[in-house]
Amino acid sequence: MLIPLILSGGSGTRLWPVSRKNLPKQFLELAGKGTLFQQAIARTRQLPDVAVPIVVASEDHRFLAADQLLEGDIKGATIVLEPLARNTAPAIALGALQALQRDADAVLLVLPADHLIGDTAAFVEAVKQAMPLAEQGWLVTFGIRPDRPDTGFGYIRRAETVDAHGYRVEQFVEKPDLATAESYLADGGYDWNSGMFLFKAARYLEELAAHAPAMLAAVREAHAKATADLDFVRIDHDAFARVPDKSIDYAVMEKTRRAAVIPVSCAWSDIGSWSALWLTGDKDADGNLREGDTLAVDTRNSLLRSHERHLLATVGVDDLIVVTTPDATLVAHRDAAQDVKKIVEQLKAAGRSEHSLHRVVYRPWGSYDSLEEGPRFQVKRIVVKPGASLSLQKHHHRAEHWVVVSGTAEVTCDDKVFLLGENQSTYIPLGSRHRLRNPGKVALELIEVQSGSYLGEDDIVRYDDVYGRA
């Protein structure tokens, strides 16, 4: 059985301000149709005799992953929740243990959820070429044929052939400087390290037992203590906290004698920075990649991305990245795109929220957009999905006014339950137990005006919640 294992725990800090901790790049539409996560899964559906995927995701992203699987009409997938990040080697071990519960001979196709592949047919053909090697016990990785001396990727040096398509891996090489990258390109025996793999689940665990036994023991314990929570497999936090933080390259691939590489040209990109996205996108006659409402005068070789209902205009600039969101704007030189993560580090150090939260915050029931705030008041636009419900809750420090813009709201306020339609409103007094539910078949949109001495999201006491947050 071929089982895709989708790794979706990345944070994508170099694509700030669009990618943030609570909504990272894999769950965004950055290039092509659908999010990167959805595109990764859609590619696997082109493979013959492929099973539904296993997704390893952060607990913080569990409902994003579930919703996007649903949007992609993927039913029966397993979502394994990491309580904290421990890099790729433990994440793949969790996926392998989960896969072996389905099939003792399971073959895992390990794919990061945040990569872009422009040539799906070439990718599918490479997986087919790798299958015989995986069946023979090789740990296969996919090397991307380099078309430029890029310093942003690790490299794989090929050794002798092991079959008609694959080579034994001679060496994994760290990200080089420019001169070294140029020598790799001229040599012709190096490929970019894509971070995509194919191997039997049992073989991976055998290699992990040989080269990182303490890691495997800790992962086994955490997985054995996992609990089912709605549609998720929730890994035990305390046991997983004892797992070493290490990538699959360091833990296994650099040590095993059975590493093979299949070279492939499939228009691949890890979308690791704004400059990488600029390289992959469709540009205008002046070399500009433009998205949203933009005007460009005497502007060349730049990436311009504007958020909804916001005009972005540039005059007389070259080689820039300009990205706007409702609460932040980034201006950077394309050559400095890798350093955007330093902005995120400064935001964290300053205790600001812009590194983790967008103005629009997504919840399992829908989303809210903080439109305006000031001393003792805040205005939000709330959207509730059809059939969804917020928790039964109360606030100690604020009252709320709700005005329905569209759809139908079922309101619980203490011992009263009633319906509100378009243009109707209600008042939720401070300290009242209340719940908002959408009983209809279309989205419910309302404006919420909060007033009180404290308006933080932590002023919520939950009594009942269908999403297990009470």
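Computed from a predicted model, the values in this text were never measured in an experiment. (Residues numbered from 1 in each chain as written. Predicted model: local features only at pLDDT ≥ 70, side-chain atom pairs only at ≥ 80, totals over all residues. Heavy atoms only, no water.)

### As for the packing of aromatic side chains
Line of reasoning, step 1. Enumeration according to the criterion identifies nine aromatic pairs in this entry.
Line of reasoning, step 2. Ring centres of Phe27 and Phe37 lie 5.2 Å apart, and the angle between their planes is 45°; on these two criteria the pair is classed as tilted. Highlighted residues: Phe27 in the loop between β1 (2-7) and α1 (36-44) and Phe37 in helix α1, separated in sequence by ten residues. Each member of the pair, Phe27 as well as Phe37, carries the same accessibility label: buried.
Line of reasoning, step 3. Taking 5.7 Å as the distance between ring centres and 85° as the angle between the ring planes, the aromatic pair formed by Phe63 and Phe232 counts as edge-to-face. Placement of the pair is Phe63 in helix α2 (residues 62-71) and Phe232 in strand β11 (residues 232-234), with a sequence separation of 169 residues. Each member of the pair, Phe63 as well as Phe232, is classed as buried.
Line of reasoning, step 4. Ring pairs connect the aromatic residues Phe153, Trp192 and Trp268, which therefore count as one cluster.
Line of reasoning, step 5. The ring of Tyr368 carries the charged tip of Lys380 above its face, separated from the ring centre by 4.0 Å. (Phe/Tyr/Trp six-rings, centres within 6.5 Å; stacked < 30°, edge-to-face > 60°. Helix = DSSP H or I, 4+ residues; strand = E, 2+ residues; numbered from the N terminus. Buried < 20%, exposed > 50% of the residue type's maximum accessible area, 1.4 Å probe, protein only. Lys NZ or Arg CZ within 6 Å of the ring centre and 35° of its normal.)

### What about the nonpolar core?
Line of reasoning, step 1. Counting 90 residues, the largest nonpolar core has Phe37, Leu109, Phe123, Phe142, Leu198, Trp274 and Leu436 as its most contacted members.
Line of reasoning, step 2. Of all the elements, helix α4 (residues 120-135) adds the most residues to this core, at seven residues.
Line of reasoning, step 3. In contact with Phe123, other than residues within four places in its own chain, are Arg43, Leu109, Leu111, Ile117, Met196 and Cys266.
Line of reasoning, step 4. Core analysis: the next-biggest nonpolar cluster, separate from the first, contains 45 residues, Val110, Ala212, Ala218 and Ala251 among them. (Core = buried A, V, L, I, M, F, W, Y, C linked by side-chain atoms within 4.5 Å. Contact = heavy atoms within 4.5 Å.)

### Describing the packing of α1 against α2
Line of reasoning, step 1. Following both chains from N to C, one finds α1 and α2 inclined at 50°, their axes separated by 10 Å at the closest point. Comparing their axes, α2 and α1 come out oblique. In this structure, α1 crosses over α2, and the sense of that crossing is right-handed. Contact residues: α1 offers Phe37, Gln38 and Ile41, while α2 offers Ala65, Gln68, Leu69 and Glu71.
Line of reasoning, step 2. For the contact of α1 with α2, a count of residues per class yields four nonpolar, two polar and one charged. (Axes fitted to C-alpha atoms, helices over the stretch in contact; angles between N-to-C directions. Parallel < 35°, antiparallel > 145°, perpendicular 65-115°, else oblique. Left-handed = near helix turned anticlockwise from the far one by under 90°. Nonpolar A, V, L, I, M, F, W, Y, C, P; charged D, E, K, R; others polar.)

### Some thoughts on unusual backbone geometry
Line of reasoning, step 1. Each neighbour pair has its own omega, and for Trp16 with Pro17 the value is 10°, a cis peptide bond.
Line of reasoning, step 2. Relative to the helices and strands, Pro17 is located in the loop between β1 and α1.
Line of reasoning, step 3. Backbone geometry at Asn87 places phi at a positive 75°, although glycine is not the residue there.
Line of reasoning, step 4. Among the secondary structure elements, Asn87 is positioned in the loop between β3 (78-82) and α3 (88-102).
Line of reasoning, step 5. In the Ramachandran plot, Ile271 falls in the positive-phi region, its phi being about 45° despite a non-glycine side chain.
Line of reasoning, step 6. If you trace the backbone, Ile271 turns up in the loop between β13 (268-269) and α10 (274-280).

### Here we look at the pairing of strand β19 (residues 328-333)
Line of reasoning, step 1. Burial along β19 is one-sided: Ala328, Leu330 and Ala332 are buried, and none of Thr329, Val331 and His333, which face the opposite way, are.
Line of reasoning, step 2. Summarising the sheet, strand β18 (residues 320-325) and β19 pair through six bridges and their orientation is antiparallel. Of the residues in β19, the one forming a bridge with Thr325 is Ala328.
Line of reasoning, step 3. In this structure, the hairpin formed by β18 and β19 is closed by a connection of two residues. (Pairing = 2+ DSSP bridges.)

### Looking at the sheet that holds β18
Line of reasoning, step 1. Strand order across the open sheet formed by four strands is β14-β16-β18-β19, with mixed pairing between neighbours. Across the chains shown, the open sheet's two edge strands, defined by having one partner strand only, are β14 (289-291) and β19. Going across the sheet, the axis of each strand differs from the next one's by a mean of 5°, ignoring polarity.
Line of reasoning, step 2. Sheet analysis places β14 next to strand β16 (residues 303-305), joined by three bridges and oriented parallel. Within β16, the position partnered with Arg290 by the bridge is Leu304.

### Quick word on the side chain of Arg305
Line of reasoning, step 1. Structurally, Arg305 is set in strand β16.
Line of reasoning, step 2. By relative accessible area, which is 13% here, Arg305 ends up buried.
Line of reasoning, step 3. When residues no more than four places from it in sequence are discounted, the contact partners of Arg305 are Val18, Glu29, Leu30, Trp274, Glu291, Leu312, Val322, Val323 and Thr324.

### Thoughts on the pattern of salt bridges
Line of reasoning, step 1. All chains considered together, the criterion is met by 30 salt bridges.
Line of reasoning, step 2. Between Asp339 and Lys342 there is a salt bridge, with the nearest N and O atoms lying 3.7 Å from each other.
Line of reasoning, step 3. Residue Asp339 is classed as partly exposed on the basis of its relative accessible area of 37%.
Line of reasoning, step 4. Linking Asp369 and Arg359 is a salt bridge whose minimum nitrogen-to-oxygen distance equals 2.7 Å. Of this pair, Asp369 sits in strand β21 (residues 366-374) while Arg359 sits in the loop between α11 (340-349) and β20 (360-363), and the two are ten residues apart along the sequence.
Line of reasoning, step 5. Through salt bridges that share partners, Glu59, Asp229 and Arg234 make up one connected network. (Salt bridge = Lys/Arg side-chain N within 4 Å of Asp/Glu carboxyl O.)

### Looking at the UniProt feature "domain: Nucleotidyl transferase" (unreviewed entry) in the protein
Line of reasoning, step 1. Sequence positions flagged by UniProt for "domain: Nucleotidyl transferase" (unreviewed entry) are, in local numbering, residues 4-283.
Line of reasoning, step 2. Taken end to end, residues 4-283 is 36% helix and 24% strand, and its two terminal C-alpha atoms sit 33 Å from one another. (UniProt positions renumbered as here; feature names shortened; annotations may be inferred.)

### A few points about the UniProt feature "domain: MannoseP isomerase/GMP-like beta-helix" (unreviewed entry) in the protein
Line of reasoning, step 1. As recorded in UniProt, the sites labelled "domain: MannoseP isomerase/GMP-like beta-helix" (unreviewed entry) are residues 293-347.
Line of reasoning, step 2. Helix makes up 15% of residues 293-347 and strand makes up 42%, while its end C-alpha atoms are separated by 27 Å.

### What to know about the pairing of strand β4 (residues 107-112)
Line of reasoning, step 1. Among the six residues that make up β4, six are buried, leaving the element largely enclosed by the rest of the structure.
Line of reasoning, step 2. Neither face of β4 is exposed, since Val107, Leu109 and Leu111 on one face and Leu108, Val110 and Pro112 on the opposite face are all buried.
Line of reasoning, step 3. Pairing analysis gives six bridges linking β1 to β4, with the strands arranged parallel. Note on β4: the bridge partner recorded for Leu7 is Pro112.
Line of reasoning, step 4. Bridge analysis of β4 against strand β9 (residues 190-200) gives four bridges, and the strand direction is antiparallel. By the bridge assignment, Val107 is partnered in β9 with Lys200.

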